[in-house]
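Structural overview
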Amino acid sequence: MNEVKNIRISQIINLLFFAALVVFWGFFYSAHLVQKEQMQLFLLSFGYLKEHLAYQGGFAVYLGEFFSQFFLFKWIAVVLTSFFIYQISYATQKVLAQLFKANLFLLAYVPAIVYHFLLLDKYYQLSGIIAVGLGIWTLSFYLMIKQPLRRYLGGLTLIIGSYWLLGGAYILLLLSIIIIEVILQFRNTIKKPGIQKVIAVVSVYLFVGILTPLLCRKFFLIDTMLRSYISAAYYQFSFLLPTPLLLVFLSLPVLILVYVFKQKLIPVKALKPVQVIFAFVLVIGFVWGSNKLADFNEETELNYENLVNQQKWEQIISLAEQKTPEGRKGKLALSLALAKTGQMANRLFAFSPSVNDFFIPFNIHGMAPLIANEPYFYLGLSNFSKMLCIETIESTPDEKSPVRVVKRFAENCIIDGQYAVAQKQLWYLKKTLFYSTWAKNAQNVIHNEVLFNEHPLWIKLRSQKVKDDFYFQFERNDLALVSLLRSNPQNKMAYEYLMCWYLLHKDFDEFLKYLPLTNTMEYAVLPQAFQEAIVYIKTLFPEVPEGLNEYKIDQDVYTNLNKYAEEFQQGGFNNPEEMKKRFGETYWYYVHFTKLEDE
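Residues numbered from 1 in each chain as written. Predicted model: local features only at pLDDT ≥ 70, side-chain atom pairs only at ≥ 80, totals over all residues. Heavy atoms only, no water.

Before going further, it helps to examine helix 8 (residues 148-166). The end-to-end C-alpha distance of helix 8, which contains 19 residues, comes to 25 Å, matching closely the 27 Å that a straight helix rising 1.5 Å per residue would cover. Taken residue by residue, helix 8 has Arg151, Tyr152, Gly154, Gly155, Leu156, Leu158, Ile159, Ser162, Tyr163 and Leu166 as its buried positions. Two or three places before Leu149, at the opening of helix 8, Gln147 has a side-chain oxygen 3.1 Å from that residue's backbone nitrogen. Of the residues one or two after helix 8, Gly167 is the one with positive phi, at around 70 degrees. (Helix = DSSP H or I, 4+ residues; strand = E, 2+ residues; numbered from the N terminus. Expected span 1.5 Å × (residues − 1). Buried < 20%, exposed > 50% of the residue type's maximum accessible area, 1.4 Å probe, protein only. Polar contact = N/O pair within 3.5 Å; in protein donor to acceptor, adjacent residues only side chain to side chain.)

Printed below as a string of structure tokens:
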């Protein structure tokens, strides 16, 4: 009766654990998962599989990449990730049940929860959790072999096979098998022959476990000593061995030992209260760890980055209206979304902008962000977009080509007419599951100028390309924007970027220099930021230049300026928070309360 009850309790706990994982990853941390799909280029070809089977842990990497390609869809990513975490706990329960003939093992959730915590760090790979799970299931299969000699030989075969297929997870399998053999031997006998047998079996297993990576490194692999043992399946910086990963490899062997001593140290009557207390600790630990170890600021940044990739401009603006982005990626995404929807010159200063919002510089000490090339691409600066695509590819920590960047690079090459180079990228994309149709259509465009001229984005960006040479300086991106306007005076997006660049830098001379171009941009009404800048600039002159009076300013702008000036003069200059509540969305507030580096 107790056994049936324990089985039902175990099933309920399993269900609740899986549900908790789905809720957390689905509603609080999904952007990290979606970006994993963008950070790889999985090819559906036998050659790609052979390439992965040629090195230790490659099969796990292959499986990780295979499932990650489905992370293009948020809820598939959530369910798969939750399942892979859950199956570690389920496989652990299976192993403990085979060893100790019981059905309720709360400690079995510890390795799964630990790996759940690890995945909160974007550098831990999906292939790692798959490998650990398969390693535990391999141990379960090993326990099904009852005849000792067959089990010994099977164990050696499984250790060597798991090393080559799963990489570092073989350590978990090796140590677990050693502990299990010791337990099984001492269950049957404690006589000297039994002890000698244990020593012999353990020695053989350790010898094989230590020697196998060394022999592979000697004859098959060209790799570091660490990667020869651990492989590249777990952590993107594979030349490092994070301590938490080592704890995962040790977790199951330690759990098995804990259950051995638990049976001897904890009385049967105290077992139930201990389980209740430990269940409470697990729940608190899961909630606390998920909140403490998760980087929700990075999650927000990645969410903005993913939305740019999906071209969901209105959703980006809607998110920013709820809470103004604070990170570089979020600010860049917002400014790009405002520009793409024609709202930049009207609403930019409603979101507390800064001079660094438009472009992200490449930092040689890290990976060039996926989003870094996007403003250059949509403005028509295809050469700069390609440059940053290459920088991203070359700076990925795991040396993989991100599919998002490969696709963007191919688009830039098509726009520039570099069809031969584009064909090389399209060859890879045609071998993917979800980008093959796009790549085939792109290839058709290459071979048909009529189709190219019908493409709504590419034909527009080709017409906006810079037609003259200039020296690129990141600190002076306005020069690139001026070159775009010289090449195509109708490039409204480039014009608004340029004018807002000057407003952000409080460069009124350059702003006034290009202000007459508003007459060629077909504005029904002069943009709000331009109007506010003009009326402010008028206050700086003893006599207003005649040219400024030609621009029609809404009466509401003058009224608000007068209110702002009155508040400012009555002490508002010493109370920025109060001024922000009333005038935080105006250009005047930005001018007075945002300090530039040279001010």
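All chains considered together, the criterion is met by 17 salt bridges. Glu65 is the partner of Lys400 in a salt bridge, and the nearest nitrogen-oxygen pair spans 3.1 Å. In this pair, Lys400 is assigned in the loop between helix 19 (382-394) and helix 20 (403-415) and Glu65 in helix 4 (residues 58-68), connecting sequence segments 335 residues apart. Through salt bridges with shared partners, one network takes in Glu374, Arg404, Lys407, Arg408 and Glu411. (Salt bridge = Lys/Arg side-chain N within 4 Å of Asp/Glu carboxyl O.)

On the surface, Leu241, Leu246, Leu247, Leu250, Val254 and Val258 cluster together into a nonpolar patch covering about 450 Å² of accessible area. Note that Val254 resides in helix 12 (residues 243-265). (Patch = residues over 30% accessible without salt bridge, like charges linked within 9 Å, V, L, I, M, F, W, Y side chains within 5 Å. Areas by Shrake-Rupley, 256 points an atom, 1.4 Å probe, with all protein chains shown as cover.)

In this section: the side chain of Thr212. Structurally, Thr212 can be placed in helix 10 (residues 192-219). Its relative accessible area of 12% is what places Thr212 among the buried residues. A distance of 2.6 Å separates a polar side-chain atom of Thr212 from the backbone oxygen of Val208. In contact with Thr212, other than residues within four places in its own chain, are Ile160 and Tyr163. (Contact = heavy atoms within 4.5 Å.)

Our next topic: the packing of aromatic side chains. Counted by the stated rule, this structure contains 54 aromatic pairs. Between the aromatic rings of Tyr234 and Phe249, the centroid separation amounts to 5.4 Å while the plane-to-plane angle is 90 degrees, which identifies the pairing as edge-to-face. In this pair, Tyr234 sits in the loop between helix 11 (225-230) and helix 12 while Phe249 sits in helix 12, placing the two residues 15 residues apart along the sequence. You can call Tyr234 buried: its relative accessible area is 0%. Overall, the relative accessible area of 0% leaves Phe249 in the buried class. With a centroid separation of 5.1 Å and 80 degrees between ring planes, the pair formed by Phe377 and Tyr378 is classed as edge-to-face. Neither Phe377 nor Tyr378 differs from the other in exposure class; each is buried. Three or more aromatic residues joined by ring pairs form one cluster here, namely Phe42, Tyr48, Tyr62, Phe66, Phe67, Phe70, Phe73, Phe83, Phe84 and Phe434. The residue whose ring lies beneath Lys407 is Trp438, and the NZ or CZ to ring-centre distance is 4.7 Å. Looking at Lys506, its charged tip hangs above the ring of Tyr590, at a distance of 5.7 Å from the centre. (Phe/Tyr/Trp six-rings, centres within 6.5 Å; stacked < 30°, edge-to-face > 60°. Lys NZ or Arg CZ within 6 Å of the ring centre and 35° of its normal.)

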